[in-house]
Amino acid sequence: MDARVIRHLKRNAEMLEHLQKVVLEHAKIIRSGLVPNNSASALKQNFDVKLPPHLRPGNLGDLNAVIWPFWFTLAPTQDVGPNGNVRTSVTVTQEAAFILMSITKTVYEKTGPNYAYLDPEQPSTAFEASGLSLAMKDAQSTRVFQNLPIDTDHLGHPQHPTILPTPVFFLPRASIEIEYFNTDAARTYRPFTTLFGYRVRLDDAQNTMSTVTYR
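Residues numbered from 1 in each chain as written. Predicted model: local features only at pLDDT ≥ 70, side-chain atom pairs only at ≥ 80, totals over all residues. Heavy atoms only, no water.

Where the residue is not glycine, phi is negative for most of them; where a peptide bond is considered, it is trans in most cases. Positive phi, close to 55°, is recorded for N83, a residue that is not glycine. Position of N83 relative to the elements: it lies in the loop between β2 (67–74) and β3 (84–91). For N83, a relative accessible area of 56% corresponds to the exposed category. (Helix = DSSP H or I, 4+ residues; strand = E, 2+ residues; numbered from the N terminus. Buried < 20%, exposed > 50% of the residue type's maximum accessible area, 1.4 Å probe, protein only.)

Turning to the nonpolar core, a few remarks are in order. Nonpolar side chains in soluble globular proteins tend to end up buried together. Among the nonpolar cores identified, the biggest contains 29 residues, and F98, L100, F170, I176 and L195 are the most heavily contacted of them. Not counting residues up to four positions away in its chain, the partners in contact with L195 are F70, W71, F72, L74, F98, L100, S102, I103, M136 and I176. (Core = buried A, V, L, I, M, F, W, Y, C linked by side-chain atoms within 4.5 Å. Contact = heavy atoms within 4.5 Å.)

To continue, consider the packing of aromatic side chains. How two aromatic rings sit relative to each other is set out by the distance from centre to centre and by the angle between their planes. The tally for this structure, following the rule as stated, stands at six aromatic pairs. Centre to centre, the rings of Y108 and Y117 are 5.5 Å apart; their planes meet at 50°, and the pair counts as tilted. For Y108, a relative accessible area of 29% translates into the label partly exposed. Here Y117 falls in the partly exposed class, since its relative accessible area comes to 34%. Every member of this aromatic cluster is reached through a ring pair, and the members are F70, F72, F98 and F170. (Phe/Tyr/Trp six-rings, centres within 6.5 Å; stacked < 30°, edge-to-face > 60°.)

Attention now goes to the environment of T93. With respect to the helices and strands, T93 occurs in the loop between β3 and β4 (97–111). Placed 78 residues apart in sequence, T93 and L171 show a C-alpha to C-alpha distance of 9.1 Å. Leave out the neighbours within four places in its chain, and T93 touches P172, R173 and R199. There is a polar contact of 2.8 Å between the side chain of T93 and the side chain of R199. (Polar contact = N/O pair within 3.5 Å; in protein donor to acceptor, adjacent residues only side chain to side chain.)

This is how it looks when you write it as structure tokens:
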């Protein structure tokens, strides 16, 4: 038999073998109640079939109908020196709004070239950021969330966040601004504030895609 014919028959046999494997794999998937993961909608359908609601990814599905946990950390680019103040901000990206649920603070004290963490869990350093306070506002709408700056010692830390009695809603492209004030005449601080909440797609955001997204 001609060598070219033999090669052609071998290629056909390999293609048939591969096709058989694909068909058997798809049949196995269908018997399990799933569909092949060849599109975003198929992947979402498989998650809905196999995962309970509390384990399904919140940012999976139609672009206008997803929600997922998120946080922003506002870190000043410089220390807050004695009798000084420093302003820092973060912008909510355009893809989704942000619902603020809780706040934590982390404060370091600068001594010479070194920084020491003021651990609220240790009696020796709890409520030790004397003179340090902050004020937060929505720079886009000029909403101010306190009538007076609040002491950072009164805010929760990562193990025990301060949970807001009422969530605060920020639109996409909103600018969240925090200004730190230090009224201590001798101490220098480097504070960080983290805002925890959820990102939420808006129905009127005029997003036309349906896709799988992740942060």
